[in-house]
Number of protein chains: 2
Amino acid sequence: MQKPSLPKGTRDFGPIQMARRNFILDTIKETFQIFGYQQLETPAMENLSTLTGKYGDEGDQLLFKILNSGDFLKNVSEEDFKNGAATTLPKVSEKGLRYDLTVPFARYVVMNRHELTFPFKRFQIQPVWRADRPQKGRYREFYQCDADVVGTDSLLCEAEIILMIHKVFSKLGIQDYSIKVNNRKILTGIAEAIGEAGKEGPLCVAIDKLDKIGKEKVEEELRQRGFGEEAITKLQPLFDANPEDFDAGLEFLKGFLAESETGKQGIAELEETLNILASLGGTRDHVAFDFLLARGLSYYTGAIFEVKAHGVKIGSVSGGGRYDDLTGVFGMPGVSGVGFSFGVDRLYDVMEELGLFPEDNLSAPVLLLAHFDQKGFDYAASLLSQVRAKGIRAELYPDLTKLKKQLDYASKKGIPFVGICGDKEIESKTVALKDLTTGEQSSVTLEEMLEKLY
Amino acid sequence: MQKPSLPKGTRDFGPIQMARRNFILDTIKETFQIFGYQQLETPAMENLSTLTGKYGDEGDQLLFKILNSGDFLKNVSEEDFKNGAATTLPKVSEKGLRYDLTVPFARYVVMNRHELTFPFKRFQIQPVWRADRPQKGRYREFYQCDADVVGTDSLLCEAEIILMIHKVFSKLGIQDYSIKVNNRKILTGIAEAIGEAGKEGPLCVAIDKLDKIGKEKVEEELRQRGFGEEAITKLQPLFDANPEDFDAGLEFLKGFLAESETGKQGIAELEETLNILASLGGTRDHVAFDFLLARGLSYYTGAIFEVKAHGVKIGSVSGGGRYDDLTGVFGMPGVSGVGFSFGVDRLYDVMEELGLFPEDNLSAPVLLLAHFDQKGFDYAASLLSQVRAKGIRAELYPDLTKLKKQLDYASKKGIPFVGICGDKEIESKTVALKDLTTGEQSSVTLEEMLEKLY
């Protein structure tokens, strides 16, 4: 008899994990909706022609491909076979699993361009799949949670992203965190200011590793990437500065980028975003300026965001930015927008590490009705619908068995209250309500019980 | 430039469809939870060893298989290749996509048998994939929505399934429907009563087609399956009877099955289920006895359910039954239970055909704040957070543009109210609130607007 197992890098989510994940996801979803975003879902499978070439060579390798149905070898010649996997692949597979939510979103926008109303604000919460080597905290199936606005370059969107992050973190109870903000144009300006105009790409890639490998190694990498000693020297004030104070950072940068039109535009955009944030009544709390923030993603053209929770050794839990061209690769140029996402698995880990989840199982029933015999069972049954009609999650132990077994069941399932129905209770039309947390037990009427549990 | 497309048999769900689907799914989910069911999610990918052999030969064909990562041909010899797809398949693919929610649930129960509390009540709402030929109403990716209790044979579970169906349909606004109930033991009894004991399998398969092909063709099929003329003659009263009246049906069957112990047990179970339903305060409305109901599924051993909406030409929207052995195939015998599921796509179609969805987009923002210039934009921004703080979905048009364009945006997105912020409104601290449904416009304060929209 086979012993079943899970594919490596995948997980089941049992009742407690689901309740906690749903708490996070519902919070995010509700916030997106309050801000006017509407939900989209796309299929798990996409044509490989949609997916390949969008994530670089490494991404193409990490796509999960679906074998064609039926005789999948029918189009494979002996020569194809001898040429190996690369030649054979297009003959045996036409579809792959979604690798992120951005490419399917771009495809959706292009396919529905004539029906959509722009600016189009969508959010999407679905799993994605990557054939990465599984390791701690890295899975082959995980949820992404994206929100994007396309079809407007208003900085209102950037300001609202900050508001949404504030709202989600406040509802989740995460108090100590920072929203780092930057602007790609500032990075462009820095490249200009150090005399390496146009090289902000490699500059970003190197700077992005600052936290991980330190200043010396970043300089080493810059040298390897062809940056001159003069440029590296000119960068020094930036490495040294990076002040905590937002306004001091801006002032410093205004000097540093005085000669760069693009850089000054980046600063202006950042200031305007903060102004809009203020007119929205939003706070600057948690918002930090990090003019070296690059996020390694070359397609950002304006704002760049990254959110980290403090007090835990967990990477960024949210991030995003503005981009110029979402759909060009599908033949629809000029669709710009701004988007961000929450890392659900990491938020889960942060909340667990900080002890922010409530002790009790969030989705467990609140009440179990227990009994000693058929008469008690029937009496309990007669109460049950009235409890549920109040919206209270409740159940009746289904089998006639010892009370201890029923109490054990409640305790293991995380049900906090047990309503015991014996002869005395039937006679007095009450329930012996036992609080499993405190061990206290009291005789209550149905109405009193409803009031207590509601 | 490539023109993107969707794999056949798959769909995108845009904002309106998502809002409607979520309305259905949230209703079902909430009902499951009120009844003490807890959520489980399993990975999209399962090992092929978990999936194959569980759905018959046809099912194995319809599994979507995932190509192994990297050089997927590395274990394929030239001989394998020449032997064809069947020999090559196990060398190039180890994983497949979930085909239903039952097998992953069984795997989960076996893998977590020592941690789970029985009776274990779980629900699961996730997509499944089948490489079926796509056609109207049949997709290659669709949601299933299952609830099961394992580890008890109490008929309370059956009675509660009827209650849950009542609750879901009532909340969805579907008023005209029937819950057909039967019991596998009654079918076994019928096979005994017509002198063909042990042949309820083929009897069920043939009878299951009664609605589709009619009595004559069913009889024809029974002959082909080796049923004697005497047996077919003995079946006549059943075909002729099948009365609308539940009790009359039971009385008739008590006579017909008088000699079959199993048959009588089936009747007793059905009666007991109705008794429990009554003690739960449930109604027998919509519940119909169909002693020919078989659902073509041979693994049911007790109760069988099937739900159809009237007034639409759409197949069953819910169904289920009791089974004896969920996990035997994974080496854990004796796990019996009862389960049922809702067909979300079909429920969607029923509600659409009956016009049960509200006219307006269920998830669209309720309010758009519009403006004529920067001053109006800033004023609108100052109101926005207060609207959202009330939990009202609202947005501010992000760009400075003509009012008409902003009104068009609201109208196309299904936003019912537009709060126009001009100089007059700024001065009087009001908003010109326009109801896009009626066209009426009135000057209101923020408080008045909140009251109206809340």
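What you are looking at is a predicted structure, and each value in this text was computed from that prediction instead of being measured.

The rules behind the values
Residues numbered from 1 in each chain as written. Chains lettered and ligands numbered in written order. Predicted model: local features only at pLDDT ≥ 70, side-chain atom pairs only at ≥ 80, totals over all residues. Heavy atoms only, no water. Helix = DSSP H or I, 4+ residues; strand = E, 2+ residues; numbered from the N terminus. Buried < 20%, exposed > 50% of the residue type's maximum accessible area, 1.4 Å probe, protein only. Contact = heavy atoms within 4.5 Å. Areas by Shrake-Rupley, 256 points an atom, 1.4 Å probe, with all protein chains shown as cover. Lys, Arg positive; Asp, Glu negative; His and termini not counted. Charge placed at Lys NZ, Arg CZ, Asp CG, Glu CD. Phe/Tyr/Trp six-rings, centres within 6.5 Å; stacked < 30°, edge-to-face > 60°. Lys NZ or Arg CZ within 6 Å of the ring centre and 35° of its normal. Domains from an automatic or database assignment. Buried area = accessible area lost by both parts, 1.4 Å probe. Salt bridge = Lys/Arg side-chain N within 4 Å of Asp/Glu carboxyl O. Polar contact = N/O pair within 3.5 Å; in protein donor to acceptor, adjacent residues only side chain to side chain. Nonpolar A, V, L, I, M, F, W, Y, C, P; charged D, E, K, R; others polar. Pairing = 2+ DSSP bridges. Axes fitted to C-alpha atoms, helices over the stretch in contact; angles between N-to-C directions. Least-squares fit on C-alpha atoms with pLDDT ≥ 70 in both.

## Some points on the overall build of chain A
A count of helices and strands for chain A gives 18 helices and 16 strands. Projected onto its principal axes, the C-alpha coordinates of chain A cover approximately 90 × 65 × 45 Å. Here chain A holds 454 residues, and 58% of them are scored as buried. Taking the contacts inside chain A whose residues are at least 6 apart along the sequence as the reference set, 68% of them involve residues at least 24 apart. If you sum the accessible surface of chain A, you get close to 19100 Å²; carbon and sulfur atoms cover 48% of it. Side-chain charges of chain A comprise 56 positive and 68 negative groups, with the mean position of each set lying 5 Å from the other.

## Describing the packing of aromatic side chains
Residues and elements named next belong to chain A. This model, assessed by the stated rule, comprises 35 aromatic pairs over all chains. Both rings, one in Tyr 348 and one in Phe 357, keep their centres 5.2 Å apart while their planes meet at 50°; by these two values the pair is tilted. Linked through ring pairs, Phe 32, Tyr 37, Phe 123, Phe 340 and Phe 342 together constitute an aromatic cluster. Taking NZ or CZ as reference, Arg 21 lies 3.9 Å from the ring centre of Phe 13, over its face.

## Details of the domain arrangement of chain A
Per the domain assignment, the segments making up chain A are domain 1 (1-44 + 98-176 + 310-363), domain 2 (188-307) and domain 3 (367-453). Its C-alpha centre places domain 2 of chain A at a distance of 62 Å from the equivalent point of domain 3 of chain A.

## Notes on the interface of chain B and chain A
If you look at the interface, chain B gives 105 residues, while chain A gives 105 residues. Between chain B and chain A, the buried area comes to about 8800 Å², and carbon and sulfur atoms account for 60% of it. When residues of chain B are sorted by the area they lose upon contact with chain A, Gln38(B), Phe81(B) and Arg388(B) head the list and together hold 8% of the total. Summed over the shared surface of chain B and chain A, the number is eight salt bridges. For the salt bridge of Glu395(B) with Lys121(A), the shortest nitrogen-to-oxygen distance reads 2.8 Å. Where chain B packs against chain A, one counts 34 residue pairs in polar contact (both at pLDDT 80 or more). Among the elements that take part in the side of chain B that touches chain A, helix 15 (residues 374-389) of chain B stands out by supplying seven residues, more than any other. When grouped by side-chain class, the residues that make up the side of chain B that touches chain A number 49 nonpolar, 31 polar and 25 charged.

## Quick word on the sheet that holds strand 13 (residues 394-396) of chain A
Residues and elements named next belong to chain A. On the basis of which strands lie adjacent, the open sheet formed by five strands has the order 13-12-14-15-16 and mixed pairing. In the strand order of this sheet, the two ends are held by strand 13 and strand 16 (441-444), each with one partner. For this sheet, the mean angle separating the axes of adjacent strands, direction not counted, is 25°. Relative to strand 13, strand 12 (residues 367-371) runs parallel, the two being bridged by three bridges. Bridging from a neighbouring strand, Leu 367 pairs with Ala 394 of strand 13. Relative to the sheet, helix 15 (residues 374-389) contacts strand 12, strand 13, strand 14 (417-421) and strand 15 (431-435), its axis offset from that of strand 13 by approximately 165°.

## Observations concerning the environment of Gly439(B)
Within the fold, Gly439(B) resides in the loop between strand 15 (431-435) and strand 16 (441-444). Linking Gly439(B) and Lys402(B), residues 37 residues apart in sequence, is a C-alpha distance of 18 Å.

## Remarks on the relation of the copies chain B and chain A
For these two chains of identical sequence, chain B goes onto chain A by a turn of 180° and a shift of 0.0 Å along the axis, with RMSD 0.1 Å. Here the symmetry operator amounts to a two-fold rotation axis. If distances are taken from each C-alpha of chain B to the rotation axis, the shortest is found for Ile66(B), at 2.3 Å. Of the interface residues in chain B, 100% have counterparts in chain A that sit at the interface too, so the contact is made through matching surfaces.

## What to know about the pattern of salt bridges
Residues and elements named next belong to chain A. Considering all chains together, one arrives at 64 salt bridges over all chains under this definition. The partner of Glu 196 in a salt bridge is Lys 199, and the shortest N-O contact between them spans 3.3 Å. A relative accessible area of 12% places Glu 196 in the buried class. Residue Glu 395 is joined to Lys 413 by a salt bridge in which the shortest nitrogen-to-oxygen separation is 2.7 Å. Separated by 18 residues along the polypeptide, Glu 395 in strand 13 and Lys 413 in helix 16 (residues 403-413) bring together distant segments of the chain.

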